[in-house]
Amino acid sequence: MNPPRIETVTIVTPEHGQAFAQSWYECDGMMTACYDTGIMTWPDGTLEDHAALDHFHDLEDEILRLVFEDTKQAIAEAFVKAANAVLDRERGRHDA
């Protein structure tokens, strides 16, 4: 049996990517950010259709897993750089 059809945009644009990045920072996490981009439409009338809901979430999960795999190293490096800068500055205040 094929999974239920989920409506999607024809192509995911850089604007979708920017919206994802901004929403990820401002919201409760990657899943909300992915939904906020509007690249997939929540299957209407499917609150009782668990197969459609599960398929929608499976697509989100796969997108987010691939995003994380592709950005994990850059995120880790940016975190180390930012945290060291802020904490070094904070330590400098107390040492002065």
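Please refer to the structure higher up on the page.
Quick caveat, the model's predicted, so the values are computed rather than measured.

Trainee: Please clarify how a negative patch on the surface should be interpreted in this entry.
Mentor: The grouping of D49, D54, D58, D61 and E62 at the surface amounts to a negative patch. Within the element layout of this structure, D58 appears in helix α3 (residues 50-95). Residue D58 is classed as partly exposed on the basis of its relative accessible area of 46%.

Trainee: I would appreciate a short explanation of the packing of aromatic side chains in the present structure.
Mentor: For any pair of aromatic rings, the description rests on two quantities: the centre-to-centre distance and the angle between the ring planes. Taken as a whole and assessed by the stated rule, the structure comprises two aromatic pairs. A ring pair is formed by F20 and W24, whose centres lie 5.6 Å apart and whose planes are at 45°; its orientation type is tilted. Here W24 and F20 lie together in helix α1 (residues 14-26), a separation of four residues that amounts to about one turn. Under the relative-accessibility criterion, F20 is labelled buried at 12%. With a centroid separation of 6.3 Å and an interplanar angle of 65°, the aromatic rings of Y35 and F56 are classed as edge-to-face. One end of the pair, Y35, is in helix α2 (residues 30-36); the other, F56, is in helix α3, and 21 residues separate them in sequence. Judged by its relative accessible area of 1%, F56 falls in the buried class.

What counts, and at which threshold
Residues numbered from 1 in each chain as written. Predicted model: local features only at pLDDT ≥ 70, side-chain atom pairs only at ≥ 80, totals over all residues. Heavy atoms only, no water. Patch = residues over 30% accessible without salt bridge, like charges linked within 9 Å, V, L, I, M, F, W, Y side chains within 5 Å. Areas by Shrake-Rupley, 256 points an atom, 1.4 Å probe, with all protein chains shown as cover. Salt bridge = Lys/Arg side-chain N within 4 Å of Asp/Glu carboxyl O. Lys, Arg positive; Asp, Glu negative; His and termini not counted. Charge placed at Lys NZ, Arg CZ, Asp CG, Glu CD. Helix = DSSP H or I, 4+ residues; strand = E, 2+ residues; numbered from the N terminus. Buried < 20%, exposed > 50% of the residue type's maximum accessible area, 1.4 Å probe, protein only. Phe/Tyr/Trp six-rings, centres within 6.5 Å; stacked < 30°, edge-to-face > 60°.

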